Each structure stands twice: as structure tokens, then as C-alpha cells.
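Listed below are the residues making up each chain.
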Amino acid sequence: SIVEPDDGGEDQQQKHSSPMRSASEHHDPTVLVSLNDADPLYTEVRDKHVETFGSFLQNQAKALKESHSQFTDRQTARDLTEIHQFVKQIPVFTRNLRSLTNHIHVAELVKSAAEATSFRQRWQTERSMLESEPCYEYLEDLIASGEPPYRW
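Only a predicted model underlies this, so the values are computations on that prediction, with no experimental measurement involved.

Caption draft 1: Broad picture of the overall build of the protein chain. Of the regular secondary structure elements, the protein chain holds six helices and two strands. Scanning the protein chain from its N terminus toward the C terminus, one meets helices and strands in the order α-β-β-α-α-α-α-α. When the 152 residues of the protein chain are sorted by exposure, 24% land in the buried category. Considering only intrachain contacts with a sequence separation of at least 6, the fraction spanning at least 24 residues in the protein chain is 45%. Split by element, the accessible area of the protein chain, about 11,500 Å² in all, is 53% carbon and sulfur.

Caption draft 2: Region of the structure containing the pattern of salt bridges. Here the structure, examined in full by the defined rule, presents four salt bridges. The salt bridge involving Arg 46 is made with Asp 47; its shortest N-O contact spans 3.9 Å. Classification of Asp 47 by relative accessible area gives exposed; the value is 68%. Here Glu 126 and Arg 122 are joined by a salt bridge, their closest N and O atoms 3.7 Å apart. Here Arg 122 and Glu 126 lie together in helix α5 (residues 117–130), a separation of four residues that amounts to about one turn. Classification of Glu 126 by relative accessible area gives partly exposed; the value is 40%. Among the residues examined, Arg 122 registers a relative accessible area of 9% and is labelled buried. Overlapping salt bridges, with partners in common, bring together Asp 37, Arg 46 and Asp 47 in one network.

Caption draft 3: Local environment of unusual backbone geometry. Non-glycine residue Ser 132 carries a positive phi angle of around 60 degrees. The residue Ser 132 is located in the loop between α5 and α6 (136–145) in this model. With relative accessibility at 68%, the residue Ser 132 sits in the exposed group.

Caption draft 4: Just the packing of α5 against α6, in detail. Running from N to C, α5 and α6 cross one another at 130 degrees; their axes reach a closest spacing of 10 Å. Judged by the angle between their axes, α5 and α6 are oblique. The way α5 lies across α6 gives a crossing that is left-handed. Along the contact surface, α5 presents Gln 121, Arg 122, Thr 125 and Met 129, while α6 presents Tyr 138, Leu 139 and Leu 142. Grouping the amino acids of the contact of α5 with α6 by side-chain chemistry returns four nonpolar, two polar and one charged.

Caption draft 5: Representation of the nonpolar core in the model. Ranked by size, the top nonpolar core spans eight residues in total: Leu 41, Val 45, Phe 53, Phe 56, Leu 57, Leu 64, Leu 100 and Ala 107. Secondary-structure elements contributing two or more residues to this core are α2 (40–45), α3 (50–72) and α4 (80–115). If you tally residues by element for this core, the top one is α3, at four residues. Once you skip the residues sitting within four places of it in the chain, Leu 64 turns out to touch Phe 93, Asn 96, Leu 97 and Leu 100.

Caption draft 6: Local environment of α3. Between the first and last C-alpha of α3 there are 34 Å, a value that for 23 residues agrees with the 33 Å anticipated at 1.5 Å per step. Where α3 is concerned, the buried positions are Phe 53, Phe 56, Leu 57, Leu 64 and Phe 71. Elements that come into contact with the buried residues of α3 comprise α2 and α4.

Caption draft 7: Inspection of α5 at higher detail. When the terminal C-alpha atoms of α5 are compared, their 20 Å separation across 14 residues agrees well with the 20 Å that a helix rising 1.5 Å per residue should span. Buried residues of α5: Arg 122, Thr 125 and Ser 128, and no others. When α5 is viewed along its axis, its buried side chains cluster within an angular range of 120 degrees and face the same direction. Buried positions along α5 lie against α6. Within two residues after α5, Ser 132 carries a phi angle of roughly 60 degrees, on the positive side.

The rules behind the values
- Residues numbered from 1 in each chain as written.
- Predicted model: local features only at pLDDT ≥ 70, side-chain atom pairs only at ≥ 80, totals over all residues.
- Heavy atoms only, no water.
- Helix = DSSP H or I, 4+ residues; strand = E, 2+ residues; numbered from the N terminus.
- Buried < 20%, exposed > 50% of the residue type's maximum accessible area, 1.4 Å probe, protein only.
- Contact = heavy atoms within 4.5 Å.
- Areas by Shrake-Rupley, 256 points an atom, 1.4 Å probe, with all protein chains shown as cover.
- Salt bridge = Lys/Arg side-chain N within 4 Å of Asp/Glu carboxyl O.
- Axes fitted to C-alpha atoms, helices over the stretch in contact; angles between N-to-C directions.
- Parallel < 35°, antiparallel > 145°, perpendicular 65-115°, else oblique.
- Left-handed = near helix turned anticlockwise from the far one by under 90°.
- Nonpolar A, V, L, I, M, F, W, Y, C, P; charged D, E, K, R; others polar.
- Core = buried A, V, L, I, M, F, W, Y, C linked by side-chain atoms within 4.5 Å.
- Expected span 1.5 Å × (residues − 1).
- Arc of directions from axis to C-beta.

Below is the structure:
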């Protein structure tokens, strides 16, 4: 699983109340990703269904790109006040871009985990249990393999 920040590791130094840890397959250092109300994007996406998450993030990326391109459009002349206002917004833009990038990486991790055969099989078994359907064979296989009865 991979979560990579854009910059050289500011996120690694921060301590968060509910971090998600993920190490890269390329032996990069572990990165802490804040998943709490301190991130405005997280407050918007935390209750979204996983199927709508991708299109929501795509729309956020388009909006961020458009807000940046409005200023960088060379067709209109900028006065000093507009330039000053844009420079003041750079830290906010950078923070939003970093947050969006992190959420895209997390969404990719969630998608790959949810598409895994083991996850689908376990999810289907849990649904079968809830619907009072017999699933003894799979449960016996789980017990024999030493799988924990639950996952955090």
C-alpha cells in the first residue's frame, strides 16, 4: 500500500489524533495521513459512499485546477493587488492540493482492498450470515487457516 505526500515529508513530522499509516512497496518511510475534522476535505468525504468517492475527488481536482488557472491565464493583465491576493492564497492552495493528493491515494488503497478476492469472499460470507444462509464450509476454512474472527 502506498501513500506519498507531494513534498519531502512535512506530513511525516506531524502527529494526528487518528492517523492512517501506510508503507510503500518501495521501502519509502511510513507516512501519517490525517483523517480527522482538521482536514476540510475529509469532513466532506467521510460520509460518502465508496462508489461516489472517485467522482467527487475528480470534481474537487477540476475545481482546484480551475481556480489556479484563472490567475495563471496570461490573457488578462494583473494589477499589483490581484498578484498580492494570489500570493496570499498560495499556502491555502498548496494545503488543498496536498489534501486532495492524499485522499486520492487513500481512495486508491480502499478501492484495491475492496476489489481483492479475499475481501469480497469475506464480505459475501458476512452477508450470508446476516441473511441466515448457511456458510459453514467457508467458516471451517477460516478456522482451519487461523484467520481471526474479526478485523479492525
